[in-house]
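Spelled out from the first residue to the last, the chains are:
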Amino acid sequence: MIAAASDIWAGIDIGGQLRLFSPEIALVATMLAIVTAPMLLGRGARTIGTVATLGVLAALVLVLRNFGVVAPEGQGVLTPEAGSGMLIADHLGTFFKLVLIVFLGGVTALWWMGSASTERDAPEFFILLLGSALGMALMVSTTNLLMMVIAIETASLPSYAIVGFNKRDAKGAEASLKYMVFGAISAATLIYGVSLLYGLTGGSLEIGDVARAWYAETSGANRLALGLGLIGLLVGIGFKISAVPLHFWCPDAFEGAKTEVTTWLSVASKAAGLLLLARVVHGFTVNLPITKADAGFLPYWSSVAPLAWGVGLMSIVTCTWANFAAYRQSNVKRMLAYSSIAHAGYMLMAGAVFLSPSAPDATAGMSALLTYIVIYMFMNLGAFGVVAMVGWRAGSEEMSAFTGLIRRAPLLAVPMIVCLVSLVGLPPFAGFIGKWWVLVALGRQGTLLSWVLITAAALNTLFSLYYYMRVVVQMTLRDDGRPALSIPVGGAALVNFCAVALCVLFVFVDPVKRASERYASGLFEPRPTVRVSTGDADAPALAERAP
Amino acid sequence: MLTIGLTHYLIVSAVLFCAGVFTMATKRNAIGILIGVELVLNSANVNLVAFDRYRAGLMDGQIAALFVIVLAAAEAALAVAICMNFYKNLVTVDVDQGDVLRG
């Protein structure tokens, strides 16, 4: 038995493969260190915070070291056969992990500013936070349906607990119960969908095989069952993105949670869900039978259009519904929760572009999505950072707490205005650039669906102007003589850094744009033949695409 | 003589799935909803194992079923903890009573 096992691993560079997952391994090691630390160093919030910060920094160093490296055998790693692994290490995954870990650092910094002085359960907090980060990193590193399920659950279960982290807070308890109930229902639907897909592909859990089965299936009943399985998959991913109609948990969980946690979930969980959707959609795009010679001609309408329209309509409904719901909010944190749903909708629009038979169009959509995620991270970290500090110092996150903020705390009000204008998508801030590239990608594709999406995005930007500007007006034009706020220096530095980054990215967006194009371009290159499941033919080509 | 085939398993699974969805849709008690979730997860397990046995023949489906069982156990443990936390604060586990956050 031992000899057989070593035969399987012969010729595989285990060290090299593990290196590709060193950021995840660092996160796990940090979690273990935090479990052990209370026994050796005590449960003090500052001690545990230091251990966690060091772990995040180590993960950051490791992910930077991996930047530009792909798996030696090509796509699949941690498996003897390239191309059918449970995990993938490629450029898309590395790009996302870098953004994720930088953002994790930002959230940890926000924790140091606020909760570090009062936190009594720091070890539990950081284990849950790092655990959900691990799940999100894994979500983007797989094309295997079972691994997707495990990764989504790894990201979700700690999130439910961390939302209700303060045990004496009735709001938090309610938020985590609602989040958990919706999460459990959508996870059950996802797993049922996966079981159907498993059966109808004849026993494969690879998303590529699902796509091939979808294109090749001729029997109406089987196609219906495959469609149901895909809907289950979309429900599971849509829950993470909080796409309408799977968004009900989102405003409640975001309002009831601590603001650091809200910041974390609003960007990381959505970005991971969107890139997981990108993986699924990518499986469908690259396996599209392109020519008659390949695998029988399939007209656009019977193959990929239903999926593209499904994603496209979901994005329109998500944006529009969230923008209208945000109108009625008097709590700024809850308003920003709806705004994050609307932004998930804009990012989903880019997702509709990947479902395009043309590789340049798909690449443009993917790189627009990656650029948007980077910019969105700064906008949300800044806006929620200000809300967090107003919440700590004024004791409320209601609109009234922001009255006259420009006089009471100019170092908070100015970055807040920058972030809000950027969230609307107006120049001269980076939010405009993010939206612009999504619209350009849609315009280049030029189908009926993409013009519908462009119209919807433009109208929604107009709608959203009103509720963002209401906060700006409250901060600048109204003043009822409230006392000035004393703000932590580090916190002011963090939100001002985000605001400056948004201005700088408006002018110098090129490096981000170029990096996201480079990191997206390898994915959608046209394949000479329909891919076979062993994936040997095209695996070396992928390894050569190092930027 | 009746031979049990794939269809029989799929019918059992479909019945379990419908019962689970009905439970999730009608119960107002958080524990009741979770029981519905468990039924749906188990119908997925029956599907996975039956498809594995009759269609695929590799072990993928059965291993996936084992993973799903573990996930269900983890989720149940966390869910009950969250329900207890909710109960401590509001002295009920009726999801309709959680109406502080709305709008």
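Residues numbered from 1 in each chain as written. Chains lettered and ligands numbered in written order. Predicted model: local features only at pLDDT ≥ 70, side-chain atom pairs only at ≥ 80, totals over all residues. Heavy atoms only, no water.

1. A word on the overall build of chain B
From N to C terminus, chain B includes 3 helices and 0 strands. Put simply, chain B runs from its N terminus to its C terminus through helices and strands in the order α-α-α. Its C-alpha atoms give chain B a radius of gyration of 17 Å, more than 25% over the compact-globule value 13 Å for 103 residues. Taking the principal axes of its C-alpha atoms as reference, chain B extends roughly 55 × 25 × 25 Å. (Helix = DSSP H or I, 4+ residues; strand = E, 2+ residues; numbered from the N terminus. Rg over C-alpha atoms; globule rule 2.2 N^0.38 Å.)

2. Quick word on the pattern of salt bridges
All names here are of chain A. This structure, assessed with the given rule, holds 14 salt bridges over all chains. With its nearest N and O atoms 3.2 Å apart, the salt bridge here joins Arg43 to Glu124. Taken as a pair, Arg43 in the loop between α3 (22–41) and α4 (45–66) and Glu124 in helix α6 (residues 122–139) lie far apart in primary sequence, 81 residues in all. What makes Arg43 partly exposed here is its relative accessible area of 39%. Taking the relative accessible area as the measure of exposure, Glu124 reaches 34% and is therefore partly exposed. One connected set of salt bridges, linked through shared partners, spans Lys171, Glu174, Lys178, Asp252, Glu255 and Arg334. (Salt bridge = Lys/Arg side-chain N within 4 Å of Asp/Glu carboxyl O. Buried < 20%, exposed > 50% of the residue type's maximum accessible area, 1.4 Å probe, protein only.)

3. Digging into the interface of chain B and chain A
By a widespread convention, an interface's size corresponds to the accessible area lost as its parts come together. Tallying the contact residues gives 41 residues for chain B and 42 residues for chain A. Each partner contributes to the roughly 3,500 Å² buried at the junction of chain B and chain A, and carbon and sulfur atoms together form 73% of this total. Sorting the residues of chain B by area buried against chain A places Leu71, Ile82 and Leu101 of chain B first, and these three jointly supply 19% of that buried surface. On the surface where chain B and chain A come into contact, there are 5 residue pairs in polar contact (both at pLDDT 80 or more). Of all the elements in the fold, those that place two or more residues in the side of chain B that touches chain A are α1 (6–26), α2 (30–56) and α3 (60–90) of chain B. (Contact = heavy atoms within 4.5 Å. Buried area = accessible area lost by both parts, 1.4 Å probe. Polar contact = N/O pair within 3.5 Å; in protein donor to acceptor, adjacent residues only side chain to side chain.)

4. Here's the deal with unusual backbone geometry
Residue and element names in this part refer to chain A. Between Val244 and the following residue, Pro245, the backbone shows a cis peptide bond with an omega angle of 10°. Mapping Pro245 onto the fold places it in the loop between α10 (220–241) and α11 (249–256). Going from Pro427 to Pro428, the amide bond is cis rather than trans, its omega being 5°. Tracing the chain through its elements places Pro428 in the loop between α19 (410–424) and α20 (430–445). At Ser242, a residue that is not glycine, the phi angle is positive and equals roughly 60°. By the secondary structure assignment, Ser242 is in the loop between α10 and α11.

5. Regarding the packing of helix α8 (residues 170–200) of chain A against α11 of chain A
Residue and element names in this part refer to chain A. Across the interface, α8 lies against α11 with an axial gap of 8 Å and an inter-helix angle of 150°. Considered as vectors, α8 and α11 are oriented roughly antiparallel to each other. The handedness of the crossing between α8 and α11 is left-handed. Where α8 abuts α11, its residues Lys171, Gly172, Ala175, Lys178, Tyr179 and Phe182 lie against Trp249, Asp252, Ala253, Glu255 and Gly256. Here the residues of the contact of α8 with α11 are counted per class, giving 5 nonpolar, 2 polar and 4 charged. (Axes fitted to C-alpha atoms, helices over the stretch in contact; angles between N-to-C directions. Parallel < 35°, antiparallel > 145°, perpendicular 65-115°, else oblique. Left-handed = near helix turned anticlockwise from the far one by under 90°. Nonpolar A, V, L, I, M, F, W, Y, C, P; charged D, E, K, R; others polar.)

6. Quick word on the nonpolar core
In summary, soluble globular proteins display a tendency toward joint burial of nonpolar side chains. Residues and elements named next belong to chain A. In this structure, Leu233, Trp264, Leu275, Phe284, Phe402 and Met416 are the most contacted members of the largest nonpolar core, which totals 220 residues. With 20 residues, the single largest contributor to this core is helix α17 (residues 359–394). Sequence-distant contacts of Phe284, defined by excluding residues within four places in its chain, comprise Ile207, Val210, Ala211, Trp214, Tyr215, Leu230, Leu307 and Leu355. (Core = buried A, V, L, I, M, F, W, Y, C linked by side-chain atoms within 4.5 Å.)

7. Topic: the packing of aromatic side chains
As enumerated under the stated definition, the model contains 24 aromatic pairs over all chains in all. Here Phe125 of chain A and Phe165 of chain A contribute two aromatic rings whose centre-to-centre distance is 5.5 Å and whose plane-to-plane angle is 75°, an arrangement assigned as edge-to-face. Of this pair, Phe125 of chain A sits in helix α6 while Phe165 of chain A sits in the loop between α7 (145–163) and α8; the two residues are 40 residues apart in sequence, bridging distant segments of the chain. Take Phe125 of chain A: its relative accessible area is 1%, and that puts it in the buried class. Overall, Phe165 of chain A belongs to the buried group, its relative accessible area being 13%. Each ring, one from Tyr192 of chain A and one from Phe17 of chain B, has its centre 3.9 Å from the other, and the planes form 15°; the classification is stacked. With Tyr192 of chain A in helix α8 and Phe17 of chain B in helix α1, this residue pair bridges two chains. Classification of Tyr192 of chain A as buried rests on a relative accessible area of 12%. Put simply, the rings of Phe324, Tyr327, Phe463, Tyr466, Tyr467 and Tyr468 of chain A touch in pairs and so form one group of aromatic residues. Here the guanidinium or amino end of Arg223 of chain A rests over the ring plane of Trp214 of chain A, the centre of that ring lying 4.3 Å away. (Phe/Tyr/Trp six-rings, centres within 6.5 Å; stacked < 30°, edge-to-face > 60°. Lys NZ or Arg CZ within 6 Å of the ring centre and 35° of its normal.)

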